[in-house]
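Survey of secondary and tertiary structure
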Amino acid sequence: QVQLVESGGGLVQAGGSLRLSCTLSGRTFSAYAMGWFRQAPGKEREFVGAISRGGGSTKHADSVKGRFTISRDNTKSTVYLQMNSLKSEDTAVYYCAARVSRSWPNTPSTYDYWGQGTQVTVSS
């Protein structure tokens, strides 16, 4: 059974940085494409970034491009989201997700497993 556990969220001032981590257990990490999503109160869950199984390809939402970077370490079964130049509109619960596929779409419903989420709050 796949389990995903996120960490690294917290309260940060606008302009600051945070790094989120998500560790997968129960299966071989390198078999999964990974994604980060976020959900603010009253809003739908939205795509933030995704990374291929080997880590050689990534994509990011336009709203975070140039500020956020997704990466992974298959030796540690962990995916990261480095968040720089944070803005108040980045405040949300951040979720990591795993997909048993070579592709890594933007749609939340296409991912197979989800973490419990970690809160990121950016104060202005």
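Residues numbered from 1 in each chain as written. Predicted model: local features only at pLDDT ≥ 70, side-chain atom pairs only at ≥ 80, totals over all residues. Heavy atoms only, no water.

As for the state of the cysteines
- Under the criterion given, the structure shown has 1 disulfide.
- Sulfur-sulfur distance for the disulfide between Cys22 and Cys96 comes to 1.9 Å. Taking the sign of the S-S torsion, 45 degrees for the link of Cys22 and Cys96, the bridge is right-handed. Placement of the pair is Cys22 in strand β3 (residues 18–25) and Cys96 in strand β9 (residues 92–99), with a sequence separation of 74 residues.
- The exposure class of Cys22 is buried, given its relative accessible area of 0%. (Disulfide = S-S within 2.5 Å. Helix = DSSP H or I, 4+ residues; strand = E, 2+ residues; numbered from the N terminus. Buried < 20%, exposed > 50% of the residue type's maximum accessible area, 1.4 Å probe, protein only.)

What about the environment of Ala50?
- When you line up the elements, Ala50 lands in strand β5 (residues 46–51).
- Sequence-distant contacts of Ala50, that is, excluding residues within four places in its chain, are made with Met34, Gly35, Ser57, Thr58, Lys59, Ile70, Trp104 and Tyr111. (Contact = heavy atoms within 4.5 Å.)

Comments concerning the nonpolar core
- Met34, Trp36, Val79, Leu81, Met83 and Tyr94 are the most contacted members of the largest nonpolar core, which has 35 residues in total.
- Secondary-structure elements contributing two or more residues to this core are β3, β4 (33–39), β5, β7 (68–73), β8 (78–83), β9 and β11 (118–123).
- The biggest single contributor to this core is β9, with 5 residues.
- Contact partners of Met83, with chain neighbours within four places excluded, come to Gly16, Ser17, Leu18, Leu20, Arg67, Phe68, Tyr94 and Val120. (Core = buried A, V, L, I, M, F, W, Y, C linked by side-chain atoms within 4.5 Å.)

Side note on the environment of Asn106
- Tracing the backbone shows Asn106 in the loop between β9 and β10 (113–114).
- Taking C-alpha positions, Asn106 is 7.9 Å from Gly49, a pair spaced 57 residues apart along the chain.
- Setting aside residues up to four positions removed in sequence, Asn106 forms contacts with Phe37, Phe47 and Lys59.

Here's the deal with the sheet that holds strand β1 (residues 3–7)
- Across the sheet, which stays open at both edges, the 4 strands sit in the order β1-β3-β8-β7 with antiparallel pairing between neighbours. A strand with exactly one partner marks an edge of an open sheet, and here the two such strands are β1 and β7. The mean angle between the axes of side-by-side strands here comes to 15 degrees, regardless of whether they run parallel or antiparallel.
- Pairing analysis gives 6 bridges linking β7 to β8, with the strands arranged antiparallel. Residue pairing across strands places Phe68 opposite Met83, the latter belonging to β8. (Pairing = 2+ DSSP bridges. Axes fitted to C-alpha atoms, helices over the stretch in contact; angles between N-to-C directions.)

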